[in-house]
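As a plain string of letters, each chain reads:
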Amino acid sequence: MRFSVSSRKFFLGVSTAALLGFGSGPAMADHHGKKITTAELNKMSANGNSGMKKSSDEASENTILQAWTGPYDGVPPWDEVKVSDFPAAFEQTMKDIKAKFDAVRGNPEPATFENTTVPLELAGNSADELFAIWGVHSSNLSNDEVREIQGIWLPKISAFFDELTLDPVIFQRYKAVYDGRMNAGLDAEQLRLVERDYESLVRNGALLEGAEKEKLIAINTDLSKEFNEFSNKVLADEETFIFLTDEADLAGLPASFVASIAEAAKEQGKEGWALKNTRSVMQPFLQNSTRRDLREKIYNAYINRGDNGDANDTNKTIAKILKLRADRAKLLGFKTHAHFRMDDTMAKDPETAMELMMKVWPAAVARVKEEVADMQEIADAEGAGITIKPWDYRFYAEKVRKAKYDLDEAEIKPYFKLDNMVAAMFDAANKLYGMSFTENTGSVPVFHPDVRTFEVNRGDKLVGLFYLDNFARAGKRSGAWMTTYRSQYELGGKNRYVLASNNNNFVKGGNGAPTLISLDDASTLFHEFGHALHYLNYDIKYPGLGGTPRDFVEYPSQVNENWLLTRYVLDNYAKHAETGEPMPQALVDKINKSKTFNEGFSTVEYLSSAIIDMKLHNRSEPVTDPDAFERETLTEIGMPETIVMRHRLPQFNHLFSSDAYSAGYYSYLWSETMDADTWAAFEETGDVWDKDTAERFRSIVLSTANETDRKDAYRKFRGRDPEVKYILKKRGFPVPSEK
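In this convention, every chain numbers its residues from 1, walking through the sequence in written order. In keeping with the model being predicted, local features are shown solely for residues with a pLDDT of at least 70 and side-chain atom pairs are shown and tallied solely at 80 or more, while totals for entire chains, interfaces and linings include all residues. Excluding hydrogens and water, the side-chain values take into account all heavy atoms of the structure.

**A word on the overall build of the protein**
A run of DSSP states H or I qualifies as a helix once it reaches four residues; a run of E qualifies as a strand once it reaches two. Both are numbered from the N-terminal end. If you tally the helices and strands in the protein, you get 31 helices and seven strands. Taking 739 residues into account, the globule formula puts the C-alpha radius of gyration at 27 Å, and the protein, at 25 Å, falls close to it. With the C-alpha coordinates aligned to their principal axes, the bounding extent of the protein is approximately 85 × 60 × 55 Å. Each residue is placed in one exposure class: buried if its accessible area under a 1.4 Å probe, protein chains only, is under 20% of its type's maximum, exposed if it is over 50%, and partly exposed if it falls in between. Across the 739 residues of the protein, 61% fall into the buried class. Every residue pair with non-hydrogen atoms within 4.5 Å of one another is taken to be in contact. The contacts in the protein between residues at least 6 apart in sequence include a share of 75% that link residues at least 24 apart. For every accessible area listed, the method is Shrake-Rupley and the probe measures 1.4 Å; residues are considered covered only by the protein chains on display. Per element, the accessible surface of the protein, about 28,300 Å² overall, is 49% carbon and sulfur. In the protein, which carries 91 positive and 112 negative side-chain charges, the distance between the mean positions of the two groups comes to 1 Å. Here the radius of gyration uses the C-alpha set of atoms, whereas the globule reference equals 2.2 Å times the residue count to the power 0.38. For the charge count, each Lys or Arg is scored as positive and each Asp or Glu as negative, with His and the chain ends excluded. We put the charge of a Lys on NZ, of an Arg on CZ, of an Asp on CG and of a Glu on CD.

Given below as structure tokens:
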């Protein structure tokens, strides 16, 4: 039941790349800067597209339910969407899906793969289109009206999908197909789909009856309310500003950053400079500001999002979520929420994930001690008279980088022009997979003027359309994510072309200046594009085999980061924003020599969050005081006082805006273990652009989605399981077996 895995999750605010849908229409060329509208596409389709979907009366009157027309088998009508139409769209879509379910439910014929599995695979198509549009409005374009609708409708949607997936008659039809699967003449993919459908239903409560089933629906409905509450509170804190009015407050800040925060102040109708409470502002400020008092102020505002004892404090919300998750796990027969969430992962259980994390943790903590000692030495030599604190780490790390490698962020950043890095990631995809990305911005509607679009081809084959939304703005949630508005699958014959998007929160250059990004931002750009490449290379038949395990999802994206710092990319795309000169070879060499610089910080920052997540959810009795639990657990594992978690619990959207990454934040490390081992495979060829290795990676790993067990797919690609030593080497940590 594809919609229960994708559409429902998207409504809950999950950035899922498994969202599916369909449309109609021929491919279209660039309109050379002309901004085409949905109305124009509809007119063109009516004049020349006999395959255009016919709309019901409800759909034709509802801006959200109208047919997707135009190129790429149809595109979302972003420019015509009225937020006020969402309630009616939800109502109508639920009615449509219920009718499709009832048709299968009431079929008098014995259940078979063709009359049960296939129609239910396609039953959520209309929902997928709706939730693609909803996902953009809740994540990229949120406002009070959207949040009000979400608060009202999210619980209704949750209960609706629960009632469908827990329907006993539907389950019995699935069970009949499952029981007879070995004698039904199914191929390997069909067999895997049948088994995964049945196991998922059982895992999520299909065997419950009566009061227990009603309790499960109530728990899931209550969770949806609390997820919405948590997200709104964190977003409210992230939309606050600290205003600077004295030029002395800008000491040490790069001119490009000053221009961007001046622009932000203008947008707020204020004089001076505005610092929004987001990572994309906090990080460069802490790296560059020589005003220690202001670094501390900005740092404290950022790390205390959701933890200020006010209306936006999330601690009570978190406690409610943890209690509901513990109750649900017990009801479903699992020891803990972590065991429930990990039942369908590569790691399989919390102990295996913790074992991997604790192999890396001691080396990371040891490296932090070395990094802090280097910083303290510089601070003492300068006569600063301070002890390094968390708000000093990034600032003094830059001084250490300069001292050790004659390199600093200010020297690097002018060479990382956003437009050039976008071109670099496209070129890398071409060199590796034969894919081309041709800008056609203006040929399809977009949901914001900043959004760019690109037609995607692999060789002579049209693959789909790529949307790129790079800049931070009010109403856009923090962080970076990838999603699809439509994913590829053969079943039904209507999902030929992928509609994929990357969403970032870079700070736009002020006063018309080009946008410059940090090395960390450039890594994020390549990372999210790796997700897009994964889905743009899908070649599968059944949508139900489109979603991969949580601890596999980050693997393709992390692999893609590796090509950023290759000589080819740096030599051809790292060009100075003002002079256009390529990065000097001496600077390229210094960047490569400093690849493992500050890995203690980045590893501990991330891994502490992952360990806290697992310990929080791998317990039968729920935590009631999240703040206290966080403090006590960090002390227990030996968290350095100079670093804070990358995501403290009060603002940990990965864990509490949905179930998506709960007991799953370890997956970045699990995926990176495969990533480091995969990069070693490229390096072993003597050419990291080796086309044969790239094609094997694409055809065995990327294109197959979840058609085979992902462990088996990895073994087929690499010839063995991944080895932990490569991630330790990548991060510059000692490898025990090689001491």
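**Observations regarding the side chain of arginine 473**
Its location among the elements puts arginine 473 in the loop between strand S5 (461-471) and strand S6 (481-486). We classify arginine 473 as buried; its relative accessible area is 12%. Aside from chain neighbours lying at most four places away, what touches arginine 473 is Asn140, Leu141, Lys276, Phe447, His448, Asp450 and Asn505.

**Quick word on the packing of helix H14 (residues 292-303) against helix H18 (residues 390-405)**
To characterise two packed helices, one gives the angle between the axes of the helices and the distance between these axes. One can describe the packing of H14 onto H18 by two numbers: an axis separation of 8 Å at closest approach and a directional angle of 120°. With respect to H18, the axis of H14 lies oblique. Handedness of the crossing formed by H14 with H18: right-handed. Judged by residue contacts, Arg292, Arg295, Glu296 and Tyr299 of H14 engage Pro390, Trp391, Asp392, Phe395 and Tyr396 from H18. Residues are grouped as follows: nonpolar covers Ala, Val, Leu, Ile, Met, Phe, Trp, Tyr, Cys and Pro; charged covers Asp, Glu, Lys and Arg; every other residue, Gly included, is treated as polar. Grouping the constituent residues of the contact of H14 with H18 by class yields five nonpolar, no polar and four charged. The axes used here are C-alpha line fits, helices contributing only the stretch in contact, and every angle between their N-to-C directions lies in the interval 0 to 180 degrees. Any angle between 65 and 115 degrees counts as roughly perpendicular, while under 35 counts as roughly parallel, over 145 as roughly antiparallel, and the rest as oblique. What makes a crossing left-handed is the near helix being turned counterclockwise from the far one by less than a right angle; a clockwise turn instead makes it right-handed.

**Observations concerning the layout of surface pockets**
The computed volume of the second largest pocket comes to approximately 470 Å³. Around the second largest pocket sit 23 residues that line it, and Ser260, Ala264, Glu267, Ala472 and Arg473 are the ones nearest its centre. At the level of secondary structure, the elements contributing two or more residues to the lining of the second largest pocket comprise helix H12 (255-267), strand S2 (273-276) and helix H13 (279-288). Of all the elements, H12 adds the most residues to the lining of the second largest pocket, at five residues. Grid points spaced at 1 Å and placed over the protein atoms alone form the basis of the search, with a cavity being a set where a 1.4 Å probe fits but cannot get out and a pocket an open set showing protein on both sides within 12 Å along at least five of seven lines. Lining residues have an atom within 4 Å of a point. Grid points are joined across faces, edges and corners, and a volume is the space filled by probe spheres set on the points.

**Some points on the packing of aromatic side chains**
In this scheme Phe, Tyr and Trp rings, the latter by its six-membered ring, pair at centre separations within 6.5 Å, and the angle between planes marks the pair as stacked below 30 degrees, edge-to-face above 60, and tilted otherwise. Evaluation of the coordinates by the stated rule reveals 45 aromatic pairs. Pairing phenylalanine 426 with phenylalanine 466 gives two aromatic rings, centres 6.1 Å apart and planes at 85°, and the pair type is edge-to-face. Taken as a pair, phenylalanine 426 in helix H20 (residues 418-433) and phenylalanine 466 in strand S5 lie far apart in primary sequence, 40 residues in all. Phenylalanine 466 matches phenylalanine 426 in its accessibility class, with the two residues each being buried. Here the aromatic cluster, defined as three or more aromatic residues joined through ring pairs, consists of Phe86, Phe90, Phe131, Trp134, Trp153, Phe160 and Phe161. We call a charge positioned above a ring when the Lys NZ or Arg CZ atom is no farther than 6 Å from the ring centre and deviates by at most 35 degrees from the ring normal. Note that lysine 156 overlies the ring of tryptophan 153, its terminal NZ or CZ placed 4.3 Å from the centroid.

**Re empty space enclosed by the protein**
For the coordinates displayed, the defined rule picks out seven cavities of 30 Å³ or more. Here the largest cavity defines a volume of roughly 80 Å³. If you go around the largest cavity, you meet 13 residues; those closest to its centre are Arg279, Tyr302, Ile303, Val644 and Met645. When residues of the lining of the largest cavity are traced back to their parent elements, those giving at least two are H13 and H14. Class assignment of the residues belonging to the lining of the largest cavity gives a composition of six nonpolar, one polar and six charged.

**Thoughts on unusual backbone geometry**
Backbone geometry follows two general trends: most residues other than glycine have a negative phi, and most peptide bonds adopt the trans configuration. Backbone geometry places aspartate 406, a non-glycine residue, at a positive phi of 55°. Within the secondary structure, aspartate 406 is located in the loop between H18 and helix H19 (409-412). The class of aspartate 406 is partly exposed, set by a relative accessible area of 42%. Phi is positive for asparagine 598, close to 65°, though the residue is something other than glycine.

**Regarding the environment of leucine 462**
For leucine 462, the location among the structural elements is in strand S5. The class of leucine 462 is buried, set by a relative accessible area of 15%. In this structure, the C-alpha to C-alpha distance between leucine 462 and serine 436, residues 26 residues apart in sequence, is 9.6 Å.

**A few points about the sheet that holds S6**
Through backbone hydrogen bonds, the strands of a sheet pair up, either in parallel or in antiparallel fashion. Only strands that DSSP links by at least two bridges are regarded as paired with each other. Ordered by their spatial adjacency, five strands build an open sheet running S3-S4-S5-S7-S6, and the pairing between neighbours is mixed. Lying at the two open borders of the sheet, with one neighbouring strand each, are strand S3 (435-439) and S6. On average, each strand axis in the sheet is inclined to that of its neighbour by 25°, with strand direction left out of account. Sheet analysis places S5 next to strand S7 (residues 498-506), joined by seven bridges and oriented parallel. Its bridge partner lying in S7, aspartate 469 is registered against asparagine 503.

**Details of the packing of helix H17 (residues 350-381) against H18**
The contact between H17 and H18 brings their axes to 9 Å, and the two run at 85°. Regarding the angle of H17 to H18, the classification is roughly perpendicular. Counting all contacts with H17, which are made through Val368, Glu371, Val372, Asp374, Met375, Ile378 and Ala379, the residues of H18 involved are Tyr393, Tyr396, Ala397, Lys399, Val400, Ala403 and Lys404. Considered class by class, the residues forming the contact of H17 with H18 number ten nonpolar, no polar and four charged.

**Examining the pattern of salt bridges**
Criterion for a salt bridge: a side-chain nitrogen of Lys or Arg within 4 Å of a carboxyl oxygen of Asp or Glu. The final tally for this structure, using the stated rule, is 50 salt bridges. Note that arginine 394 is salt-bridged to glutamate 605, the shortest N-O span being 3.2 Å. Taken together, the residues span a long stretch of sequence, with arginine 394 in helix H18 and glutamate 605 in helix H25 (residues 599-617) at a distance of 211 residues. Among the residues examined, glutamate 605 registers a relative accessible area of 5% and is labelled buried. Between arginine 648 and glutamate 630 there is a salt bridge; the shortest N-O distance is 2.7 Å. Note that arginine 648 is positioned in the loop between helix H26 (626-637) and helix H27 (653-656) and glutamate 630 in helix H26, a separation of 18 residues in sequence. With a relative accessible area of 8%, arginine 648 lands in the buried category. In this structure glutamate 630 comes out as buried when scored by relative accessible area, which is 4%. Salt bridges here are not isolated pairs; linked through shared partners, they connect Asp677, Glu684, Arg718, Arg720, Glu723 and Lys725.

**Focus: the pairing of strand S4 (residues 452-458)**
The buried fraction of S4 is high, at six of seven residues. Where S3 lies against S4, five bridges are found, and the strand directions are antiparallel. When the bridges of S4 are listed, serine 436 appears paired with asparagine 457. Note: S4 against S5, seven bridges, orientation antiparallel. Bridging across to S5, glutamate 455 finds its partner in leucine 465. Taking the residues that link successive antiparallel strands as the turn, the S4-S5 hairpin has two residues, and the phi of glycine 459 there is positive, at about 65°.

**Points about the confidence of the model for the protein**
Averaged over all residues, the pLDDT of the protein is 91; the fraction at 70 or higher stands at 92%. Segment residues 1-34 is flagged for pLDDT under 50; beyond a separation of four residues in sequence, or across chains, it makes 151 contacts in the model. Note that pLDDT drops below 50 for residues 49-56; the model gives that stretch 17 contacts with residues more than four away or on any other chain. Each residue carries a pLDDT value, the predictor's own confidence for that position, ranging from 0 to 100.

**Topic: the nonpolar core**
Buried Ala, Val, Leu, Ile, Met, Phe, Trp, Tyr and Cys residues form a nonpolar core when they are joined through side-chain atoms within 4.5 Å. In terms of nonpolar packing, the biggest core is built from 205 residues, with Phe86, Phe416, Phe437, Phe466 and Phe656 touching the most fellow members. Per-element accounting of this core gives the leading share, 14 residues, to H17. Apart from the residues lying within four places of it in its own chain, the contact partners of phenylalanine 656 are Phe227, Phe230, Ile318, Ile321, Leu322, Arg325, Leu616, His617 and Leu649. Listed in part, the 19 residues of the second largest apolar core include Leu250, Met282, Tyr299 and Ile303.

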